[in-house]
Amino acid sequence: MQYNLHHVQKNHHKLISVFNEIVKKNSKAFLVMVGDGTLKEQIIEEIRSYGLQEKYVQFAHREDIPEILKSLDVFIFPSLYEGLPVSLVEAQVAGVPCIVSDRIISEAILSSTTVQLSLEDSDSKWASIATKVYPSHGISKELQKYNLNDEIIYTIE
């Protein structure tokens, strides 16, 4: 899961709470976050409050995002609001099943393996869906023709 740790809009609180529920269902689960920012210490403290510090890693700035994404089983994106979430697009193109908030614009949903859930849905529901999806780890036919530049132009217009 790649997040800019500067922004409250990314809803790290929901992500960590959902991850706590995932660990209850699958003790082998591990949370990967990529980025750095002013919220880093708060995020680490919340992870510690759940006792999940041994099930978490946070990478600072990385150049190997595609490789990291391909190693994930699921990408959880509970943002409060977004424009065009590039990290979500990258995850879908990498073939990772995604669970995203219903606040994400429909134009950013590019794959049939992406599920939108309400932020009002329980963390347990998010976790149940996250533990049921299976990684496809390959670019689907619907994404082979996807062009991020076209999407940027469409969004600007």
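Use the structure listed above.
The model shown is predicted, which means the values in this text are computed figures rather than measured ones. (Residues numbered from 1 in each chain as written. Predicted model: local features only at pLDDT ≥ 70, side-chain atom pairs only at ≥ 80, totals over all residues. Heavy atoms only, no water.)

Novice: Would you mind going over the packing of helix 1 (residues 12–25) against helix 2 (residues 40–49) with me for this structure?
Specialist: A packed helix pair is summarised by two numbers, namely the angle formed by the two axes and the spacing between the axes. Between helix 1 and helix 2, the least distance of the axes is 10 Å, while the angle of their chain directions is 25°. What the angle tells us is that helix 1 and helix 2 run roughly parallel. Between helix 1 and helix 2 the crossing geometry is right-handed. Contacts between helix 1 and helix 2 involve His 12, His 13 and Ile 16 from the first element and Ile 43, Glu 46 and Ile 47 from the second. Broken down by class, the residue content of the contact of helix 1 with helix 2 amounts to 3 nonpolar, 2 polar and 1 charged. (Axes fitted to C-alpha atoms, helices over the stretch in contact; angles between N-to-C directions. Helix = DSSP H or I, 4+ residues; strand = E, 2+ residues; numbered from the N terminus. Parallel < 35°, antiparallel > 145°, perpendicular 65-115°, else oblique. Left-handed = near helix turned anticlockwise from the far one by under 90°. Contact = heavy atoms within 4.5 Å. Nonpolar A, V, L, I, M, F, W, Y, C, P; charged D, E, K, R; others polar.)

Novice: When you look at the packing of aromatic side chains in this model, what are you seeing that I'm missing?
Specialist: Note on aromatic pairs: each is described by the distance of the centres and the angle between the planes. Enumeration over the complete set of coordinates arrives at 1 aromatic pair. A centroid spacing of 5.7 Å and a plane angle of 20° characterise the contact between Phe 75 and Phe 77, whose relative ring orientation is stacked. Taken individually, Phe 75 and Phe 77 each receive the classification buried, so the pair is uniform in this respect. Looking at Arg 62, its charged tip hangs above the ring of Phe 59, at a distance of 4.4 Å from the centre. (Phe/Tyr/Trp six-rings, centres within 6.5 Å; stacked < 30°, edge-to-face > 60°. Buried < 20%, exposed > 50% of the residue type's maximum accessible area, 1.4 Å probe, protein only. Lys NZ or Arg CZ within 6 Å of the ring centre and 35° of its normal.)

Novice: Is there a simple way to explain unusual backbone geometry in this structure?
Specialist: Backbone geometry follows two general trends: most residues other than glycine have a negative phi, and most peptide bonds adopt the trans configuration. Phi angles above zero are rare outside glycine, and Asn 11 is one such case at about 60°. Take Asn 11: it is sitting in the segment before helix 1.

Novice: Hey, could you run me through the nonpolar core in this one?
Specialist: Core analysis: the biggest nonpolar cluster contains 23 residues, and Ile 22, Leu 31, Ile 43, Ile 47, Tyr 56, Ile 76 and Trp 126 have the highest contact counts within it. Mapped by element, the contributors of at least two residues to this core are helix 1, strand 1 (31–34), helix 2 and helix 5 (123–132). The element that contributes the greatest number of residues to this core is helix 1, accounting for 6 residues. Listed in part, the 19 residues of the second largest apolar core include Val 32, Ile 68, Val 96 and Ile 104. (Core = buried A, V, L, I, M, F, W, Y, C linked by side-chain atoms within 4.5 Å.)

Novice: Even after reading the chapter, I still don't get the sheet that holds strand 3 (residues 75–77), so can you show me in this structure?
Specialist: Hydrogen bonds between backbone groups are what pair the strands of a sheet, and the pairing can be parallel or antiparallel. If you walk across this open sheet you meet the 3 strands as 3-4-5, and the pairing is parallel. The open sheet terminates on both sides in strands that have one partner only, identified here as strand 3 and strand 5 (114–117). The mean inter-strand angle of the sheet, taken between neighbouring strand axes irrespective of direction, is 15°. With 3 bridges joining them, strand 3 and strand 4 (residues 98–101) adopt parallel strand pairing. The partner of Phe 75 across the bridge, within strand 4, is Cys 98. In the packing of helix 5 onto the sheet, the strands contacted are strand 3, strand 4 and strand 5, and the crossing angle to strand 4 comes to about 155°. (Pairing = 2+ DSSP bridges.)

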